[in-house]
Amino acid sequence: MLAIRKYCLFKVLIISLLGLGCATGALAKNHDPLKVAFVYVGPTGDAGWTYAHDNARLYMEKKLGKKVKTTYVESVAEGADAERVITELARAGNKLIFTTSFGYMNPTLKVAKSFPDVKFEHASGYKRSKNVGTYFDRVYQGRYLTGMLAGMMTKSHLLGYVASFPIPEVIRGINAFTLGARAVNPKAEVKVVWVSSWYDPGKESKAAETMINMGVDVVTQHTDSPGPINAAEKKGVYAIGYHSDMSVYGPKAHLTATAHNWGPLYTAKAQAVLDGTWTSEDVWGGLSDNALNLAPYSKTVPKHVRAVVDHAKSLIANGKLHPFAGPLKDQSGKVQVVAGKAMSDGEMLGMKWYVEGVQGKLPK
Amino acid sequence: MDMDLIANILFATIRMGTPLLIVAIGELVCEKSGVLNLGQEGMMLMGAVVGFMIAFHTDSLTMGFIAAIVAGALMSLLFAVVTMQFYANQVATGLALTILGVGLSGFIGRGYVGEALSSVDFQIPLLSSIPFFGKVLFSHDLLVYISIGLAIAVYWFFKSTRAGLIVKAVGESPESAQSLGLSVLKVRYLAIIFGGSMAGLAGGYLSLIDTPLWAENMTAGRGWIALALVVFASWRVERAVLGAYLFGFMSIMHLVLQSFGLSVSSNLLATLPYVATVVVLVLLSRNQQRIKLFAPMSLGKSFHSAH
């Protein structure tokens, strides 16, 4: 008897609690900000990849004001650690979570299954689900443009590329840079040094120095630290940055940089969640979407060079110029893309060969 | 390969090896006294960030380096207090020191990311214009010469001074040392602080000279490499110097071979410095008996004084 009464009381309590919950839930819809979380692979102070994402977070806060409340967790190792962090963030009431590194792909999908009402956005991945979307920017468009710039600025016709790991994303960048350079300077060739690291300022700068010693006079990079810019400044040659404007590290060397511009995308995604219009999709934003941009040209870049690059930039943005349009030859001179055709997104995402003009063999 | 290129490679070798050399010498002295401090990475990072901050505000590299040394020393003092006064486990405390250094340096350096110092070029006049040798030997920054001087001083310290003998005695058998009337704690404190100062100095070398900028975690594991160097060098100064430069040389060759277009896996090449350094040092010290002679007997053990 007592047990039943207790049970009833318990039930009443539960129901009233639920009612209260519903009531506050309804209120919350109008007043509580949307909680948005970010998971970063590096420190926000890396001056590179994570720095760009965090700038975008701040941009979103500025644009949406009180409608959003953001948090971030930095330096999260890819793998099991990431899963724990993402779960915690979802549990803490975040309704939109950006996971900003390739290695977060599987953890994101796994956590997303347990939190169907939370939306996830994963950078640079290729697996999606009902509540997991993916996004990236068409860095290769910026690479092509900076390649043109380098091709016009070089005197030795030898360009240097500090690279991290031989994956399609990086190879695509090297190829786009080379094609851009050779579009304006057929004599241009590109040297590549792999440092087997995303982030090691000392090693990156030594890699750049090594190539400069071999005659390279414009250096660019697909690594995350400003080391190469620094080396170029010391050696008195030019450099092109990546991720964000790196001119402070080499005021004389820095010509421009291929810079991510995640801000508009993040803002749009948060707005979509607020409006209830969010869907899982793959966004590969380019110059036309303002998803990336070139950092301001330095004073050393002459007017006519700027004009050429700006013109190409508008052509790419309008869809009139495709960096990987045929005819394209690989290093052996074999035609990989015939004239009149351009590579599809799928082909570009799986790129595993060097175009003509890149020196050395692609490591396997 | 022309002479110019070789000169450049050797030049870069010395530049790459110098921070490792400085940390390794500091840790070597510390370990000789019987203390294993795994916090090198943390102390280096604190040296790097504090050195950069001070140099940025004072516009003086000297002030920056002094600050870097002080920062490293303070970190090591913390380690010393915890392990000597409270008998905490040295390995655990060292790891904690690394984690603390990584986090704290990132925190206090937050506002300095994206700032830059103007890079300095230090060359010895006249001598640096000698062909080849001028480039390789006489056109480095001052710290390269200081680090070599330091290595020689520490070598001499252990080989022919009474103080060096005392440090060794404390590392071999603190009990005996104490019964001889030596202050184990005092010696170990000094050795730990020397190690911390050197780690701070090496950190400063990275953020002030090598790549004059502050970025979080910029040491990228060099503290750990230096720790390994000390062991593989079987606690001998001259081998630690050799190991540091060898590591620097192989790191540079990894980059040079690639720019020659060698088609070997870059990942494999990247392991070369580690493999080569380990192999050479192991070969040098392949006599097990002799290694035992060189490893300080009380390394890593807490010392409880008798009273």
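Novice: Which residues make up a nonpolar patch on the surface, and what are the values?
Specialist: Taken together, the side chains of Ile54(B), Met63(B), Ile66(B), Val70(B), Leu74(B), Leu77(B), Val81(B) and Phe86(B) make up a nonpolar region of the molecular surface, amounting to roughly 690 Å² of accessible area. Counting residues per element, the nonpolar patch draws most heavily on helix H3 (residues 61–85) of chain B, at six residues.

Novice: Tell me what's going on with the interface of chain A and chain B, and back it up with residues and numbers.
Specialist: Taken residue by residue, the interface counts 38 residues in chain A and 36 residues in chain B. Interface of chain A and chain B: buried area, both sides summed, is about 3,000 Å²; carbon and sulfur atoms make up 56% of it. Considering only the side of chain A, the residues that lose the most area to chain B are Lys206(A), Met214(A) and Lys234(A), jointly responsible for 19% of the buried surface there. Between the two partners, chain A and chain B, sit four salt bridges. Between Glu74(A) and Arg110(B) there is a salt bridge; the shortest N-O distance is 3.0 Å. Across the chain A-chain B interface, the total number found is ten residue pairs in polar contact (both at pLDDT 80 or more). Contributions of two or more residues to the side of chain A that touches chain B are made by strand E7 (189–194), helix H7 (201–213) and helix H8 (227–235) of chain A. For the side of chain A that touches chain B, the element with the most residues is H7(A), which contributes ten residues.

Novice: Can you tell me about the nonpolar core, naming the residues and giving the values?
Specialist: A general trend in soluble globular proteins is that nonpolar side chains are found buried together. Core analysis: the largest hydrophobic core is formed by 94 residues, its most contacted members being Val162(A), Val219(A), Ile192(B), Trp214(B), Met218(B) and Val237(B). For this core, the element with the highest residue contribution is helix H9 (residues 184–210) of chain B, accounting for 13 residues. Excluding anything up to four places from it in sequence, Val219(A) contacts Gly160(A), Val162(A), Ala208(A), Ile212(A), Pro228(A), Val237(A), Tyr238(A), Ala239(A) and Ile240(A). Within the second largest apolar cluster, 70 residues are counted, among which are Leu287(A), Leu294(A), Tyr297(A) and Val309(A).

Novice: Which residues make up empty space enclosed by the protein, and what values go with them?
Specialist: Vacant regions in the atomic arrangement are exposed by a probe of water-molecule size rolled over the atoms. Summed over the entire model, instances satisfying the criterion amount to two cavities of 30 Å³ or more. Of the voids in this model, the largest cavity is the one considered here, and its volume is about 50 Å³. Every residue along the wall of the largest cavity is listed here: Lys206(A), Glu209(A), Thr210(A), Asn213(A), Leu5(B), Asn8(B), Ile9(B), Ala12(B), Ile252(B) and Val256(B). For the lining of the largest cavity, the secondary structure elements donating two or more residues are H7 of chain A together with helix H1 (3–32) and helix H11 (237–259) of chain B. Of the residues in the lining of the largest cavity, the class split is five nonpolar, three polar and two charged. Looking at the second largest cavity, its volume works out to about 40 Å³.

Novice: I'd like a rundown of the packing of helix H2 (residues 49–64) of chain A against helix H9 (residues 263–275) of chain A, residues and numbers included.
Specialist: Residues and elements named next belong to chain A. For the pair H2 and H9, the least separation of the axes is 8 Å and the interaxial angle reads 50 degrees. As far as their axial angle goes, H9 and H2 are oblique. Both H2 and H9 take part in a crossing whose hand is right-handed. From H2, His53, Ala56, Arg57, Tyr59, Met60, Lys63 and Leu64 reach across to H9, where they touch Gly263, Pro264, Tyr266, Thr267, Ala270 and Gln271.

Novice: Please provide a residue-by-residue account of H3(B), values included.
Specialist: An ideal rise of 1.5 Å per residue puts 36 Å on 25 residues; H3(B) measures up with 35 Å between its terminal C-alpha atoms. Downstream of H3(B) by one or two residues, Tyr87(B) has phi in the positive range, about 55 degrees.

Novice: Can you explain the sheet that holds strand E9 (residues 238–243) of chain A? Please cite residues and give values.
Specialist: All names here are of chain A. Strand order across the open sheet formed by six strands is E7-E6-E8-E9-E10-E12, with mixed pairing between neighbours. Looking at the sheet topology across the chains shown, the edges are occupied by E7 and strand E12 (292–294). Pairs of neighbouring strands in the sheet enclose a mean axial angle of 15 degrees, with direction left out of account. Inspection of the sheet shows strand E8 (residues 218–222) paired to E9 by three bridges, in the parallel sense. Residue pairing across strands places Thr220 opposite Ile240, the latter belonging to E9. Relative to the sheet, helix H5 (residues 139–153) contacts strand E6 (158–163), E8, E9, strand E10 (254–260) and E12, its axis offset from that of E10 by approximately 170 degrees.

Novice: So what about the side chain of Thr93(B)? Which residues, and what values?
Specialist: Residues and elements named next belong to chain B. Along the chain, the position of Thr93 falls in helix H4 (residues 90–108). At 2.5 Å, the side chain of Thr93 forms a polar contact with the backbone oxygen of Asn89. Here Thr93 is in contact with Phe79, Val82, Thr83 and Ala88, once residues within four sequence places are set aside.

Novice: If you had to explain the packing of aromatic side chains to someone new, which residues and values would you point to?
Specialist: Enumeration according to the criterion identifies 21 aromatic pairs over all chains in this entry. Aromatic pair Phe52(B) and Phe56(B): ring centres 6.1 Å apart, planes at 15 degrees, arrangement stacked. Separated by four residues within a single helix, Phe52(B) and Phe56(B) lie in helix H2 (residues 40–58), roughly one turn from each other. Judged by its relative accessible area of 27%, Phe56(B) falls in the partly exposed class. When the ring centre of Tyr242(A) is taken as reference, the NZ or CZ atom of Arg143(A) above it lies at 4.1 Å. Above the plane of the ring of Phe158(B) lies Lys32(B), whose end atom (NZ or CZ) is 5.7 Å from the centre.

Reading the values: rules and limits
- Residues numbered from 1 in each chain as written.
- Chains lettered and ligands numbered in written order.
- Predicted model: local features only at pLDDT ≥ 70, side-chain atom pairs only at ≥ 80, totals over all residues.
- Heavy atoms only, no water.
- Patch = residues over 30% accessible without salt bridge, like charges linked within 9 Å, V, L, I, M, F, W, Y side chains within 5 Å.
- Areas by Shrake-Rupley, 256 points an atom, 1.4 Å probe, with all protein chains shown as cover.
- Salt bridge = Lys/Arg side-chain N within 4 Å of Asp/Glu carboxyl O.
- Helix = DSSP H or I, 4+ residues; strand = E, 2+ residues; numbered from the N terminus.
- Contact = heavy atoms within 4.5 Å.
- Buried area = accessible area lost by both parts, 1.4 Å probe.
- Polar contact = N/O pair within 3.5 Å; in protein donor to acceptor, adjacent residues only side chain to side chain.
- Core = buried A, V, L, I, M, F, W, Y, C linked by side-chain atoms within 4.5 Å.
- Buried < 20%, exposed > 50% of the residue type's maximum accessible area, 1.4 Å probe, protein only.
- 1 Å grid on protein atoms, 1.4 Å probe; cavity = no way out; pocket = protein on both sides within 12 Å on 5 of 7 lines; lining within 4 Å.
- Points joined across faces, edges and corners; volume = space filled by probe spheres on them.
- Nonpolar A, V, L, I, M, F, W, Y, C, P; charged D, E, K, R; others polar.
- Axes fitted to C-alpha atoms, helices over the stretch in contact; angles between N-to-C directions.
- Parallel < 35°, antiparallel > 145°, perpendicular 65-115°, else oblique.
- Left-handed = near helix turned anticlockwise from the far one by under 90°.
- Expected span 1.5 Å × (residues − 1).
- Pairing = 2+ DSSP bridges.
- Phe/Tyr/Trp six-rings, centres within 6.5 Å; stacked < 30°, edge-to-face > 60°.
- Lys NZ or Arg CZ within 6 Å of the ring centre and 35° of its normal.

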